[in-house]
Amino acid sequence: MNVRAIFERHLFPPLRFACRNGGERAANLRDLARLCGVAAEKAARAGAEEQALAGLVAAARAFDEAPAAGRAEALRAVLGRLGDLVDLPPDLASFLGHTEGSAAAPAAAPAPEPRTTGAEGAPVPPSPKTPASDAPEILRLEVQDTAAPPPPPRRPTASRRKEAAPEASAAPARIVVPAYAGPLARLPLSTLPGVGPRLEAAFAKKGIASVAHLLFDLPRAYQDRRRIQPIRELVPGERGLTAGRVVSAQEIFVRRSKRKLFRVVLQDDRGDRLALTFFHTWPALVRRFEKGKRFLAWGEVKRFGGSLQIVHPELEEAEEGESAALSAGRIAPVYRGMDELGQGRVRSLVETALGRHLADLPEILPEALRRERGLPTIHETLRRVHFPPADADVEALSAGASPWHRRLAYEELFLLSVGLALKARGILVEPGHAFDTSPARIERALSFLPFAPTVAQRRVIEEIARDMGAPEPMNRLLQGDVGSGKTAVALVACLLAVFDGKQAAVLAPTELLAEQHHRNFSRMLDGSGIEVALLTA
């Protein structure tokens, strides 16, 4: 078995699982270091380079130790190491090119060089070449020992390109929106500035179908970006935020893989330098790095040779002001499955939606109740859940234990309790059938059981019979351990209804269990003249 076949068998399937939905399932992948160790041992016997295999295992170990919020970025590091050994398949290669805040085109885009999109989501053609005086410094270098980028995605067929275009109805909304947000649930995202048909369809594919869905799509994690670190204080293997000005932008040719990568060098006020590496580039990205422009960069820091680097960082131009404030110098929210669209873009839209429509949400919890429970208003809750204050507890936020998360949990339970209470009140005034549940009827029903009921079973049967004898409908929950006789109690209740000339139905969660009940009931009621029928599917 050759090296590629080994990886296809042992590593590609779990990595494909972790890469789904923009890395959403990366946190569910366990023991990747062990899997890579097994694959590396076999690949070494097949002639793979041992140093590259060691790098792969080390990256997998870092993935296993990474927190849930950092798993997607750690997964890219594993794929980068795997790309040093074999050509990655298109789906894994495309995931390696998508990072938070990047404007990378979707993996299914047919052009070998992705295009950027405009404010309305429509493709923007590459602009004419910038004069040399305004363009970043571009060099062509040949290097021997740099990380090889993954291969570009294959050209999809015409039918595949058609599937790649997102449809507004491609996926149902996955966000539960409370009923009091009804008007905002009918307000399309296209009412927000910068959201055109393509971007709106892309959000709909992620389950965000309205402004209300955007507001109630709570962050899955939070990143502590309150402190901008000097480059020299960045720690390899950890994620960090730093700032610097562009001193060079280099297009590098990797001789071994015959591919190119793009590297930008930032220098901070102390003169320390940090490399930003991109395996996939497009004209708008290259034009962005003008010499002297200042950027804030966030990502996992790695040591390559004698220098520090971040692969596919999340970037903010320091001069952007308001936009930069959403992702730097604060606790930044991270949204589930939004890496492809860009976390920075999602934060900007959420901030816009909060500013325009947060006041439209009514406060449903009574003020006295909120004071008694120490709960914030819904308006403060949503604003702080998305953009926490600087003194917030990051661990409590990520665990869903902040005061604002507790408010939302309390509200959900409160509404559920009110709904059940209203339903119970409606049942009390709804006319029902009063069954004959006399002691004689109960004893007749008990006679069909193949055993004498226990004290607890008889007590529950009498309580149910008392409810059935009342003129309003019964709404009762029967709880008991496995084997405690719940089914026998249900059978007695059914017989009380049948003796009164009614029909009874027993619903089971599976067809197998329904067949089992049918066999048991048929055996116990054999010769009674009571018909027992089975309905499935």
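Above this note sits the structure.
Residues numbered from 1 in each chain as written. Predicted model: local features only at pLDDT ≥ 70, side-chain atom pairs only at ≥ 80, totals over all residues. Heavy atoms only, no water.

Q: What is the right way to look at the pairing of strand β8 (residues 314–317) in this model?
A: Two faces belong to every sheet, and in a regular strand the side chains alternate between them. Residues Glu314 and Glu316 line one face of β8 and the alternating positions Leu315 and Glu317 line the opposite face, and both faces are buried. Summarising the sheet, strand β6 (residues 294–304) and β8 pair through four bridges and their orientation is antiparallel. What sits directly across from Leu296, in β8, is Glu316. (Buried < 20%, exposed > 50% of the residue type's maximum accessible area, 1.4 Å probe, protein only. Helix = DSSP H or I, 4+ residues; strand = E, 2+ residues; numbered from the N terminus. Pairing = 2+ DSSP bridges.)

Q: Explain the packing of aromatic side chains here, please?
A: Aromatic rings considered in pairs are described by the distance between their centres and by the relative angle of their planes. Under the definition given, this model contains seven aromatic pairs. Members of the aromatic cluster, connected to one another through ring pairs, are Phe262, Phe278, Phe289 and Phe295. A cation over a ring is seen here: Arg71 above Phe63, with NZ or CZ 4.6 Å from the ring centre. Looking at Arg76, its charged tip hangs above the ring of Phe95, at a distance of 4.6 Å from the centre. (Phe/Tyr/Trp six-rings, centres within 6.5 Å; stacked < 30°, edge-to-face > 60°. Lys NZ or Arg CZ within 6 Å of the ring centre and 35° of its normal.)

Q: I'm lost on the packing of helix α13 (residues 343–357) against helix α15 (residues 378–386) in this one. Help?
A: Between two packed helices, what matters for the description is the angle formed by their axes and the separation of those axes. Across the interface, α13 lies against α15 with an axial gap of 11 Å and an inter-helix angle of 165 degrees. Regarding the angle of α13 to α15, the classification is roughly antiparallel. Both α13 and α15 take part in a crossing whose hand is left-handed. In contact with Val350, Glu351, Leu354 and Gly355 of α13, α15 contributes Leu382, Arg383 and His386. Split by residue class, the contact of α13 with α15 holds three nonpolar, two polar and two charged. (Axes fitted to C-alpha atoms, helices over the stretch in contact; angles between N-to-C directions. Parallel < 35°, antiparallel > 145°, perpendicular 65-115°, else oblique. Left-handed = near helix turned anticlockwise from the far one by under 90°. Contact = heavy atoms within 4.5 Å. Nonpolar A, V, L, I, M, F, W, Y, C, P; charged D, E, K, R; others polar.)

Q: Help me understand the pattern of salt bridges in this model?
A: A pair can form between side chains of opposite charge whenever their charged atoms are brought close. Counted by the stated rule, this structure contains 16 salt bridges. A salt bridge links Arg225 to Glu314, with the nearest nitrogen and oxygen atoms 3.0 Å apart. Highlighted residues: Arg225 in strand β2 (residues 221–225) and Glu314 in strand β8, separated in sequence by 89 residues. Two residues, Glu314 and Arg347, come together in a salt bridge whose shortest N-O distance is 2.6 Å. Here Glu314, found in strand β8, pairs with Arg347, found in helix α13; they are 33 residues apart in sequence, far enough to count as distant. Relative accessible area serves as the criterion here: at 0%, Arg347 is assigned to the buried category. (Salt bridge = Lys/Arg side-chain N within 4 Å of Asp/Glu carboxyl O.)

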